[in-house]
Amino acid sequence: MVNINSNNQRLFHPNDEVKQRSDIKDWDLEIEKGKDIEKYWAQEAEQFDWFKKWDSILDESNKPYYKWFDGGQINLAYNAVDRWIETGKRNKIAILYINERGKEVKLTYYELYREVNKVANALLNLGIKKGDSVSMYLPMCPELIISMIACTKIGAVHSTIFSGLSSVAVVERVNDIKSKIIITADGTYRRGKIINLKSVIDEAMLQCPTVQTVVLVNHTGRYNDVADLRGNEIFYDRLIEGETDSCDCEVMESEDPLFILYTSGSTGKPKGVIHTTAGYMVGIATTFKNVFDIHDDDLWWSTGDAGWITGHSYTVYAPLLLGTTTLIYEGAPDFPDPGIWWKIIEKYGVTKFYTAPTAIRHLMRFGKKYSKLYNLDSLKILGSVGEAINFEAWKWMYEEIGKGKTPIMDTWWQTETGMHMISPIPIADLKPGSATKPLPGVQIAIVDEEGKELPPNKKGYLAITKPWPAMFRGLHNDDERFINVYWEEFPGGIYRAGDMAEIDEDGYIWIQGRSDDVLKIAGHRIGATEVESAFNSHPAVNETAVIGKEDPVKGQLIKAFLILNEGYNLDMPFKEGNRFLLREELKRHVRHALGPVAVLGEMVQVDKLPKTKSGKIMRRVLKAQEEGEDLGDISTLESD
Ligand code: 6R9
């Protein structure tokens, strides 16, 4: 049902079926309950099996180094897998893997348990101990999930690298955490082709001195013989052959590190975001249950890859912590045709579906034909993540996929927050484009530059005013940046999220993009400076400034302003007799440095870049020009 509120915003009310099924009956009451933050999260922590309960719920004595459930001992793998073996869920499907070639793998909780144990034992035999880090460069396949949980079981810190990133990115990430092991695959399926992942690792390993063993999943069947492998490489299957299928869980302190996941910030180097054990578990499981009203009969599908935070929290860990079946799909949304996702939903009866606005906008381009071919009645709730969802995409998702009966949970959160922070729950009244309100147990404010709270309808900085359990605990090897970027700007232990936002008179929050130089391209986070350094490392380039340019499908694309070295222009062959123009050569160069996630929209050659007196490039000025704001003669800025 739809009506319009006083602000001319469309309000969508949940239907009776959604309300009846929902475990939470009163949204406001639930939010109110969550205001007693410590009590709320402690109650939620009771859902798990602890080796030892915590001494304190939240320790704020050393801000911003908060501690949650300190003194407690727990293991996430135990709670996500082992404990279900003793229950009726033992033979329930934990992971349902499907790929674009039609292959299907179903792993019950009991099967998952045994696979995890074998890999855990194999890792122990390779000398991996509690606290060691293990890198992974794998497609969304069962071995990725099994390997992640195996690390968690023995207390090793996993660090996945999205399989669309380049060898340069792999080198940077593996060396930063000094991994002794990397688990990878020969390739991944994408639009009828096999993308070679092993060659990326081969190139990367030339520069990763700490890696002693490369574990290779023969995923696409490219390698048939041990003779194909190098000295420090071993097949995954070979590695676990003969391993026993039982393994004890490491007793983890609440604050022991669980994983490190790299993400982009506004300066060049990617940030190794550290998440720890107990608070993370409590945060993701609670928000998953609240936001998606999870029941035992749900079939959950999140399209988030485990190379990113959505995959960690809501494709892998939260569903398993609640004993849900999680579907993982390896393939593109439009292959063999743009109906593939709807076909899967119909075939398996998916009940809750979580994806990104960019994917929806991409599929919208093919019209309503494909979604109409399939019966999507099994769907009960939809979710969106990664960027604000524009009204057209919201409406298409609501009408074409949800058939006007499934509410859309627009979830705002970050790699750093670990869990959903601002999001409706299924019984909420929705305003498309607004992530609605802070979830129970979360406190948000929109503040000015000094950190003072702003009244409704004033645009400001999005801040989190109270600690939350799944919060990141630091940046690996970069404590200074942890403090500078997130905690120093506003006083009193308030977290600066890096987004701009506004709150309306009903308390609904409207996210309005980043306040820093972070771009979101097709939902992937990438820093302007990372792209600039990639350009600058090319011999033809003198200096670069990069901004995000609006794109109707991908949200943003890279627009690069380039000062080229003497004698170069973008439309000349890069080298004498070369058939590639410099423009194409640069595109290839940036892609090689950053991987296919860095999608170039436009390159323009300029003589000058707007700079501050201290020589910092003013991307803000370029952006304003791009958006048609007249800033007058910008050449004067240089002498500001
Ligand atoms: C989960 C994830 C975080 C940044 C965040 C914001 C943007 C994510 C959003 C959203 C508006 C939403 N973002 N969800 N903006 N509405 N529902 O995406 O993590 O990759 O770390 O990106 O994404 O700008 O600050 P991450």
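Bear in mind that the values here come from a model prediction, so they are computed numbers and not experimental data. (Residues numbered from 1 in each chain as written. Predicted model: local features only at pLDDT ≥ 70, side-chain atom pairs only at ≥ 80, totals over all residues. Heavy atoms only, no water.)

Not every one of the 17 residues close to the ligand is listed here, only the nearest: Asp 410, Thr 415, Asp 499, Arg 514 and Arg 525. Surface burial for the ligand is 94%, taken as the share of its 530 Å² of free accessible area covered by protein chains. Every element with two or more residues in the shell around the ligand is listed here: helix H11 (309-321), strand S22 (408-411) and strand S27 (509-514). (Near = heavy atom within 4 Å. Areas by Shrake-Rupley, 256 points an atom, 1.4 Å probe, with all protein chains shown as cover. Helix = DSSP H or I, 4+ residues; strand = E, 2+ residues; numbered from the N terminus.)

Let's shift gears to the pairing of strand S9 (residues 157-160). The two faces of S9 match: Val 157 and Ser 159 on one face and His 158 and Thr 160 on the other face are all buried. Relative to S9, strand S8 (residues 133-137) runs parallel, the two being bridged by 4 bridges. Paired with Val 134 across the two strands is His 158, which belongs to S9. Read from S8 through helix H6 (residues 142-154) to S9, the crossover connection turns out right-handed. (Buried < 20%, exposed > 50% of the residue type's maximum accessible area, 1.4 Å probe, protein only. Pairing = 2+ DSSP bridges. Right-handed = clockwise from strand over helix to strand, strands pointing away.)

Attention now moves to the environment of Gly 367. Within the secondary structure layout, Gly 367 lies in the loop between helix H13 (357-364) and helix H14 (369-372). Along the chain, Gly 367 and Trp 396 lie 29 residues apart, while their C-alpha atoms are 9.6 Å from each other.

This brings us to the domain arrangement of the protein. Taken domain by domain, the protein consists of domain 1 (29-330 + 444-470 + 480-516) and domain 2 (523-627). Using C-alpha coordinates to define each centre, domain 1 is positioned 32 Å away from domain 2. On the side of domain 2, 13 residues touch domain 1, which itself brings 16 residues to the contact. Both faces considered, domain 1 and domain 2 share a buried interface measuring about 1,100 Å² in area, 46% of it formed by carbon and sulfur atoms. Scanning the region where domain 1 abuts domain 2 turns up 0 salt bridges. At the junction of domain 1 and domain 2, the tally comes to 7 residue pairs in polar contact (both at pLDDT 80 or more). By residue number, the principal contributor to the side of domain 1 that touches domain 2 is helix H7 (residues 167-177), which donates 3 residues. (Domains from an automatic or database assignment. Contact = heavy atoms within 4.5 Å. Buried area = accessible area lost by both parts, 1.4 Å probe. Salt bridge = Lys/Arg side-chain N within 4 Å of Asp/Glu carboxyl O. Polar contact = N/O pair within 3.5 Å; in protein donor to acceptor, adjacent residues only side chain to side chain.)

The subject of this paragraph is the packing of aromatic side chains. For the coordinates displayed, the defined rule picks out 41 aromatic pairs. Relative to Tyr 329, the ring of Trp 301 lies with its centre 6.2 Å away and its plane at 75 degrees, an arrangement referred to as edge-to-face. With Trp 301 in strand S18 (residues 299-302) and Tyr 329 in strand S19 (residues 325-330), this pair connects stretches of sequence that are 28 residues apart. Owing to a relative accessible area of 10%, Tyr 329 belongs among the buried residues under this scheme. Ring centres 5.6 Å apart and planes at 75 degrees place the aromatic pair Trp 341 and Phe 353 in the edge-to-face group. With Trp 341 in helix H12 (residues 340-348) and Phe 353 in strand S20 (residues 352-355), this residue pair connects regions lying 12 residues apart in the sequence. Take Trp 341 and Phe 353: they sit in the same class, and that class is buried. In textbook terms, an aromatic cluster arises when at least three aromatic residues are bridged by ring pairs, as seen for Tyr 65, Tyr 66, Trp 468, Phe 472, Phe 482, Tyr 486, Trp 487 and Tyr 495. Between the NZ or CZ atom of Lys 89 and the centre of the ring of Trp 84, over which it lies, the distance is 5.2 Å. (Phe/Tyr/Trp six-rings, centres within 6.5 Å; stacked < 30°, edge-to-face > 60°. Lys NZ or Arg CZ within 6 Å of the ring centre and 35° of its normal.)

Mapped onto this structure's residue numbering, the UniProt feature "domain: Acetyl-coenzyme A synthetase N-terminal" (unreviewed entry) falls at residues 35-80. Secondary structure over residues 35-80 splits into 30% helix and 22% strand, and the C-alpha atoms at its two ends are 28 Å apart. (UniProt positions renumbered as here; feature names shortened; annotations may be inferred.)

Okay, H12 next. Among the residues making up H12, those that are buried are Ile 340, Trp 341, Trp 342, Ile 344, Ile 345 and Tyr 348. Once H12 ends, the next one or two residues include Gly 349, with phi positive near 75 degrees.

This part takes up the sheet that holds S18. Strand pairing in a sheet relies on backbone hydrogen bonds. The paired strands run either parallel or antiparallel. Spatial ordering of the open sheet is given by S7-S6-S19-S18-S20-S21-S22, a layout of 7 strands whose pairing is mixed. Of all the strands in the sheet, just strand S7 (104-108) and S22 have a single pairing partner and so form its edges. The average undirected angle you get between the axes of adjacent strands in this sheet is 20 degrees. In this sheet, strand S21 (residues 381-385) lies alongside S20 in parallel orientation, the contact comprising 4 bridges. Bridge pairing in S21 links Thr 355 to Ser 384. (Axes fitted to C-alpha atoms, helices over the stretch in contact; angles between N-to-C directions.)

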